[in-house]
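Overview (structure and organization)
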Amino acid sequence: MSTLVLVHGFWHGSWCWSEVVPHVAAAGRLAVAVDMAGHGLYARRPRWFTAQPYDREAVSTEVSPVADVSLDDAAELLTSQIKRIGGGEPVTVVAHSAAGPVLTRTAQQTPELVAHAVYLSAYMPASGVPAAAYTQLPEAADDMVAPLLQGDPARTGALRLDFATDDAAYRQRLHEAFYGDVDPVLADAATGLLTPDGPIGIMLGTTTLTHDGWGSVQRTYIVCTRDMAIRPGVQAKFISEADAAFPDNPTSVVTLDASHSPFLSMPGELADVIIPLGH
């Protein structure tokens, strides 16, 4: 079976898979979690995040130190990671949330390296469409992340969340957006590991999809039915667009009764879904 490569979404890091990997390993499957460009060990925190006193204006205006990270950069990093992990053999990539467009670009450019593309409540944009466009759909109108974003991404170069604030109501909304069904103590620990800036370039980049590129790769979409960050209606849109464009390679669909972060709320159940994929 191919190695599983686990890729987190915006603001997170490879750490978020730490509850899933033991379940996968126990089943005899090799899994490696990696950091996405601009995140984890590649994250760079803006000055306001650790500055004292707290500078409310800087939160909205400071240009992000990861503002120059593009979809090209993120796909190049992921490609290098899966080449190293797989030793040139194809791997199964599980992408969460905003890692979706990075997986899509990588699978389009190097389909021979991706045995199976798995989208966990992730952006799976259609050909030539930026992931950011899906945040404007009517189906996304009640997502809980957009109202939490700080500043103008065109100015800061990032989708920015304020994890330094002491505003209890804001922090509660963050928990509801990402970790609605996660144990509160675990959710607090996870929130403390999040970094504030997701590079807007990853969400603005586009990929032209072809039948012999992304369209040739087997794919599974894991729908999270209680997701308040990427709403179920938006997830359904990704699946229907992909199947319309590539009807000879339809999307396999699995449903979890989960919020946006099943790797924390139901790691065993999530592991059971991904372990059989990518034979």
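About the thresholds
- Residues numbered from 1 in each chain as written.
- Predicted model: local features only at pLDDT ≥ 70, side-chain atom pairs only at ≥ 80, totals over all residues.
- Heavy atoms only, no water.
- Helix = DSSP H or I, 4+ residues; strand = E, 2+ residues; numbered from the N terminus.
- Rg over C-alpha atoms; globule rule 2.2 N^0.38 Å.
- Buried < 20%, exposed > 50% of the residue type's maximum accessible area, 1.4 Å probe, protein only.
- Contact = heavy atoms within 4.5 Å.
- Areas by Shrake-Rupley, 256 points an atom, 1.4 Å probe, with all protein chains shown as cover.
- Lys, Arg positive; Asp, Glu negative; His and termini not counted.
- Charge placed at Lys NZ, Arg CZ, Asp CG, Glu CD.
- Pairing = 2+ DSSP bridges.
- 1 Å grid on protein atoms, 1.4 Å probe; cavity = no way out; pocket = protein on both sides within 12 Å on 5 of 7 lines; lining within 4 Å.
- Points joined across faces, edges and corners; volume = space filled by probe spheres on them.
- Nonpolar A, V, L, I, M, F, W, Y, C, P; charged D, E, K, R; others polar.
- Polar contact = N/O pair within 3.5 Å; in protein donor to acceptor, adjacent residues only side chain to side chain.
- Salt bridge = Lys/Arg side-chain N within 4 Å of Asp/Glu carboxyl O.
- Axes fitted to C-alpha atoms, helices over the stretch in contact; angles between N-to-C directions.

1. Focus on the overall build of the chain
Looking only at helices and strands, the chain has 11 helices and 8 strands in total. A compact globule built from 279 residues should have a C-alpha radius of gyration of about 19 Å, and the chain, at 18 Å, falls within 12% of that. Taking the principal axes of its C-alpha atoms as reference, the chain extends roughly 55 × 40 × 35 Å. Across the 279 residues of the chain, 56% fall into the buried class. Nonlocal contacts in the chain, meaning residues at least 24 apart in sequence, comprise 80% of its contacts between residues at least 6 apart. Carbon and sulfur atoms provide 54% of the accessible area of the chain, an area that totals close to 11,100 Å². Measuring between centres, the 16 positive side-chain charges of the chain sit 4 Å from its 31 negative side-chain charges.

2. Topic: the pairing of strand β7 (residues 219-224)
The buried fraction of β7 is high, at 6 of 6 residues. Side chains Arg-219, Tyr-221 and Val-223 project from β7 onto one buried face, and the interleaved Thr-220, Ile-222 and Cys-224 project onto a second face that is buried too. Note: strand β4 (residues 114-120) against β7, 4 bridges, orientation parallel. Among the inter-strand pairings, Val-118 is bridged to a residue of β7, identified as Thr-220. The pairing of β7 with strand β8 (residues 252-256) spans 5 bridges and is parallel. Across the sheet, Val-223 pairs through a bridge with Thr-255, a residue of β8.

3. As for empty space enclosed by the protein
Across all of its chains, the model carries 2 cavities of 30 Å³ or more by this definition. The computed volume of the largest cavity comes to approximately 60 Å³. As for the largest cavity, its lining consists of Leu-71, Pro-101, Thr-104, Pro-125, Ala-126, Val-129, Ala-131, Gly-205, Thr-206, Thr-207 and Leu-209. Looking at side-chain class alone, the lining of the largest cavity contains 7 nonpolar, 4 polar and no charged residues. Around the second largest cavity, the lining residues are Val-7, Asp-35, Met-36, Ala-37, Ala-74, Leu-77, Leu-78, Gln-81 and Val-102.

4. Quick word on the layout of surface pockets
Considered as a void within the structure, the largest pocket measures approximately 420 Å³ in volume. Tyr-123, Thr-135, Leu-149, Leu-159 and Met-203 are the residues nearest the centre of the largest pocket, which is lined by 28 residues in total. Secondary-structure elements contributing two or more residues to the lining of the largest pocket are α5 (153-156) and α8 (200-204). At 3 residues, the largest contribution of residues to the lining of the largest pocket is made by α8. The class makeup of the residues in the lining of the largest pocket is 20 nonpolar, 6 polar and 2 charged.

5. Some remarks on the environment of Ser-216
Along the chain, Ser-216 falls in the loop between α8 and β7. In sequence terms Ser-216 and Ala-99 are 117 residues apart; their C-alpha atoms lie 19 Å from each other. Side-chain polar atoms of Ser-216 contact the backbone oxygen of Gly-213, separated by 2.7 Å.

6. Examining the pattern of salt bridges
Summed over the entire model, instances satisfying the criterion amount to 6 salt bridges. Of the charged contacts, one joins Arg-231 and Asp-142 as a salt bridge, the two residues approaching to 3.0 Å between their closest N and O atoms. Linking Arg-231 in the loop between β7 and α9 (232-245) with Asp-142 in the loop between β4 and α5, this pair joins segments that are 89 residues apart in sequence. A residue is classified by how much of its surface remains accessible, and Asp-142, at 41% relative accessible area, is partly exposed. Between Asp-197 and Arg-160 there is a salt bridge, with the nearest N and O atoms lying 2.8 Å from each other. Separated by 37 residues along the polypeptide, Asp-197 in strand β6 (residues 197-199) and Arg-160 in strand β5 (residues 158-160) bring together distant segments of the chain. Accessibility classification places Asp-197 together with Arg-160 in one group, the buried group. Where salt bridges share partners, they join Asp-181, Arg-226 and Asp-257 into one cluster.

7. Here we look at the sheet that holds β8
On the basis of which strands lie adjacent, the open sheet formed by 6 strands has the order β2-β1-β3-β4-β7-β8 and parallel pairing. Edge positions in the sheet fall to β2 (31-34) and β8, since each of these pairs with one other strand and no more. Along the sheet, successive strands turn relative to each other by an average axial angle of 20°, direction set aside. Sitting on the sheet, helix α4 (residues 100-109) is in contact with β3 (91-96) and β4, with an inclination near 160° to β4.

That is the geometry; function is a separate question.
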